[in-house]
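Each chain, written out:
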Amino acid sequence: MIGAAIAYGLSGNGARVLVLDGGDTDFRAAKANFGLVWVQGKGCGNPAYQRLSHEAAGLWPAFADQLTDETGIRLDYESKGGLNFCVGASELEARGARLTQWHREVPDLAPCTRMLDRGELEALLPGVRLGDNVSGASFGATDGHVNPLRLLAAMQKGLVQRGSVLLGNQPVDRIVPLSQGGFSVHAREQRYDAAQIIIAAGLGSSALGPMVGLDVPLRPQRGQLMVTERLAPLLPLPASGIRQTDEGTVMIGLTQEDVGFDISTTSAAAAQMSRHALQVLPDLARARLIRQWSCLRIMTPDGCPVYAESADYPGAWVALCHSGVTLASFHAGPLADCLRNARLDSRLNFFHHERFDVSSID
Amino acid sequence: MTRKYDLTIIGSGPAGMSAAIRASGLGLNVLVVDEQPAPGGQIWRAVEAVADTRTGELLGDEYRAGQDVAQAFRHCGAEYQPNTQVWQLEPGWHIYMSQAQKAEIVQADNVLLATGAQERPAPFPGWTLPGVMTVGAAQITLKVSHQIPTEPVWIAGSGPLVLLYMTQLLKAGGKIAGWLDTAPANSWRRGMPHFLAAMGSWRDMRKGYQWIKGLQAANVPIHRGVRQFSAEGEGRMTHLVYESSDGASHRVPARLLLVHEGVVPSIHMTRSLDCTHTWLPDQACLAPNVDSWGQTSQAGVFAAGDATGIGGARAALVRGEIAAIGVALRLGKINEQEADRLALPLRGKLAKELAIRPMLDAMYPPDQRVFQPSDDTIVCRCEELTAGDIRAAAKVGKPGPNQIKSLTRAGMGPCQGRQCGYTIAHILAAEQKCDVREVGFYRIRPPLKPLTLGELASLDIGDDLP
Amino acid sequence: MFHQLTDSGAQALTLTIDGERVTASPGETVASVLLRQESPVARSTPVHGNPRAPYCMMGVCFDCLATVDGVASTQTCLVAVRDGMTVERQHGKRSITA
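Basis of the calculations
Residues numbered from 1 in each chain as written. Chains lettered and ligands numbered in written order. Predicted model: local features only at pLDDT ≥ 70, side-chain atom pairs only at ≥ 80, totals over all residues. Heavy atoms only, no water. Helix = DSSP H or I, 4+ residues; strand = E, 2+ residues; numbered from the N terminus. Rg over C-alpha atoms; globule rule 2.2 N^0.38 Å. Buried < 20%, exposed > 50% of the residue type's maximum accessible area, 1.4 Å probe, protein only. Pairing = 2+ DSSP bridges. Axes fitted to C-alpha atoms, helices over the stretch in contact; angles between N-to-C directions. Contact = heavy atoms within 4.5 Å. 1 Å grid on protein atoms, 1.4 Å probe; cavity = no way out; pocket = protein on both sides within 12 Å on 5 of 7 lines; lining within 4 Å. Points joined across faces, edges and corners; volume = space filled by probe spheres on them. Nonpolar A, V, L, I, M, F, W, Y, C, P; charged D, E, K, R; others polar. Domains from an automatic or database assignment. Buried area = accessible area lost by both parts, 1.4 Å probe. Salt bridge = Lys/Arg side-chain N within 4 Å of Asp/Glu carboxyl O. Polar contact = N/O pair within 3.5 Å; in protein donor to acceptor, adjacent residues only side chain to side chain.

A count of helices and strands for chain C gives 1 helix and 9 strands. From first element to last, N terminus to C terminus, chain C shows the α and β order β-β-β-α-β-β-β-β-β-β. In terms of C-alpha radius of gyration, chain C reaches 13 Å, essentially the compact-globule figure of 13 Å for 98 residues. Viewed in the frame of its principal axes, chain C has a C-alpha envelope of about 40 × 25 × 20 Å. Counting only residues that meet the buried cut, chain C has 63% of its 98 residues in that class.

Structure, rendered in structure tokens:
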């Protein structure tokens, strides 16, 4: 998701980019993306990330239009707001308090969320039968959703159409800095040389980064999610744990599990996710589950993105995050511009991974 | 209270029933579950109700032989739970299943997957129209409801099942408008090199020969060397269009077309468990790897019957029995000597039953055209995607089947690849100019059958998760 | 498309398909009953609304889905007919809020 977005953006100005993609069954966080283009609550305690999320959401409509114009692929992008359902009074209170604090961290930005009690929520969702214990929700006016798989397909098609190259089944196993500058990248038996490389390999970046002095601490976090059969419209707005896609399927998720590199699913999680979903939309009890799957999120120690150039090997960059969909517009736009100029804007300084380096704290 | 068993058998066809009988006889605590209302699998579908009827008579002795097995199964002491769909298996082994909208979990030290086979997906233009069914489906219809096609039926395909059904249909008074025989010419010549090996099955060969003679005697119009065919109609099939070997195009009225291009093991469950499989090039399908006792690469998971490779009912009975002995051995109910002693005669019998297979495989290879359907042919029935859609998506990067799934939604419908998996793999292999076994296959995820969220939520698990 | 070789006679069961009463034999499946109706169609697809009828009769194609006794998207080829059963064909994306 990140690599495709950056490559698409870079290709826009005539740069020829080679994207080396991994194998068919590699860990692909992009396949477990829920599809939310989300701002509310992002980066609590890290205002730079909150600002970044706002920025990305703002860029999304034009980004979506451009992608569809160029590739003909409909993204099913909608930005009518998003909800975080609360069950029980204390959950509603806690959510309100959290968002109040969150807004305080960027006092110059107008609040983009408001709390809804049960009555206001029902008014916002006419015809939707909510579970008895739903106490309300937080509504994020700048939130939305998109079809994440179509987004990826569009960016891949777009970068190719713009003159770049996408090679699948070329998992990179070695990057060697060249004495004359630049790097040689090795994948299977092939070798590719370039002046600039961007590592956007998700969890695979842990192995590749150190080869060029980019040592970013990462850990996998499993997210399990489920999808139902196609249904007639029943939920007009996306929510953080449940959204209805344009095809009519309802996606439910996600878990947050620390289980290492295990992408198996568990029926226990399926049962728990079902119970949560039914607390919000009890009518889903009749819906049939078609598939449950999981992927591994790329978690940095503070959950915020990392964008950095190697100090030892200029020209080698790393770009990592777990919100690849929301930030896609930013990755394809401002970040691609920065990379083209080989210089990150100062507002992105926070995202350097040196913030994790305990020894650098005075 | 979770029910616990030494062995849970999934599927009550020949292999499942045979395994249950032997396992119970060896003192194992056995549960058999099956999604159908009665035992018999597909080959002996509804045999208890039908064997003693006129329909049973015209279905023949091989079919009626299932009645004794079913009776022995009912009385063997194994617990039998019909109308039950298994939707997940997790190490332990925990078997998640549903019956009458109620989900439950059962624990078994060993699981035997006796899930049988399915007809090979054989796409062609118009195959999703009402009026197109498989030959197997028509035979099942005869078995469960004593029904035959009303109008003279068209049949396209090849293989023993095609010959058998046509014979049974004619016996029942049905009419055949025509048979598009898709087997390449000279099937007997192809079979000849394997003739000696198959000699022990001379009764089966004679039967097959008699079927063919019977069709000729009944003047069934047989069209060989057909170059292509399609089903046409608005909302339902009304015409069959085919191009005969001389290049002439024919358009005939047809409201029912039965198709068949062989049978392949049902690998959905074994794949979902990440059992290793081997590609069988002669039959262009995967089969799970099993040891001499039928155990897969997953400890405690066994497979038997057509699920391990197409062998027919008699071979399935034997494989089921061998697997039961293997389970008993694994549980320590019998020692290795005893197990070998019990299995010895069975192994010989199995070899005999399978002796005819190489000859049949050579005579009836799958029609290669089903692997490269035209661009306008639907290949993913659930999501209504065409071969052209897949080929277009395959042009960006070098995607495998799982990426194709992400890009197009192929394989994301309720059948989860049962009807499109092989076709997609073949299309990708052609696009990427590689062997189909290098392309890979869909990752299979739960639920193995779609259950409702209400059923899932009612399960008493998962409350301890963050 | 299909017809029965023998009459179920006194043993016949009755069920409704979209409100219309039809007879069935004990032991047969809902899908096999559909096959002898004027239209064998069980549903129209939720993707493009195309009609589908039972295809494999053994539970691996999912084209025979219909609502049986209020339970939607049921594989009718795996359900034995019960006297008094109600079957409703499904059209397109089905609603769960009705």
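The discussion continues.
Pairing between the strands of a sheet comes from backbone hydrogen bonds, and it takes one of two forms, parallel or antiparallel. Residues and elements named next belong to chain A. Taken in spatial order, the 3 strands make up an open sheet running E3-E5-E4, and their pairing is antiparallel. On the outer flanks of this sheet lie strand E3 (82–87) and strand E4 (113–117), each paired with one strand and no other. In this sheet, neighbouring strand axes are inclined to one another by 20 degrees on average, regardless of whether the strands run parallel or antiparallel. By the bridge criterion, 5 bridges tie E4 to strand E5 (residues 134–140) in an arrangement that is antiparallel. Counted as the bridge partner of Arg114 is Phe139 from E5. Contacts from helix H3 (residues 89–104) reach E3, E4 and E5, with the element oriented near 165 degrees to E4.

Here we come to empty space enclosed by the protein. Counted under the stated rule, the structure contains 6 cavities of 30 Å³ or more. As a volume, the largest cavity reaches approximately 260 Å³. As for the largest cavity, its lining consists of 25 residues, of which Glu229, Arg230 and Ile290 of chain A, Pro414 of chain B together with Pro46 of chain C are closest to the centre. Looking at the lining of the largest cavity, the elements with two or more residues in it are strand E12 (219–228) of chain A together with strand E4 (43–44) of chain C. Taken together, the residues that form the lining of the largest cavity break down as 10 nonpolar, 7 polar and 8 charged. Lining the second largest cavity we find Val128, Arg129, Leu234, Leu281, Asp283 and Leu284 of chain A together with Ile96 and Thr97 of chain C. For the lining of the second largest cavity, the class distribution of residues is 5 nonpolar, 1 polar and 2 charged.

Here we come to the domain arrangement of chain A. Often, the extent of an interface is quoted as the loss of accessible area upon association of its parts. Residues and elements named next belong to chain A. When cut into domains, chain A gives domain 1 (2–72 + 147–218 + 303–360), domain 2 (82–141) and domain 3 (219–299). Relative to domain 2, the C-alpha centre of domain 1 lies at a distance of 32 Å. Each side of the interface is counted separately: domain 1 has 13 residues, and domain 2 has 16 residues. Interface of domain 1 and domain 2: buried area, both sides summed, is about 1100 Å²; carbon and sulfur atoms make up 56% of it.

Residue and element names in this part refer to chain B. Across the 11 residues of helix H5 (residues 135–145), 11 count as buried, placing the element largely inside the fold. If you check which residues of H5 are buried, you get Val135, Gly136, Ala137, Ala138, Gln139, Ile140, Thr141, Leu142, Lys143, Val144 and Ser145. A positive phi of about 55 degrees marks His146, the residue just after H5.

With that settled, the discussion passes to the interface of chain C and chain B. In this assembly, 39 residues from chain C lie in contact with 48 residues from chain B. Of the roughly 3600 Å² buried at the junction of chain C and chain B (both faces included), carbon and sulfur atoms supply 58%. Joining chain C to chain B, the criterion identifies 2 salt bridges. One salt bridge in this structure joins Arg381 of chain B and Asp63 of chain C, with 2.6 Å as the shortest N-O distance. At the boundary of chain C and chain B, one finds 20 residue pairs in polar contact (both at pLDDT 80 or more). The element best represented in the side of chain C that touches chain B is strand E1 (residues 2–4) of chain C, accounting for 3 residues. Looking at side-chain class alone, the side of chain C that touches chain B contains 21 nonpolar, 13 polar and 5 charged residues. In terms of strand pairing, strand E9 (residues 147–149) of chain B meets E1 of chain C through 3 bridges, oriented antiparallel. Residue pairing in the sheet places Ile148 of chain B in a bridge with His3 of chain C of E1 of chain C.

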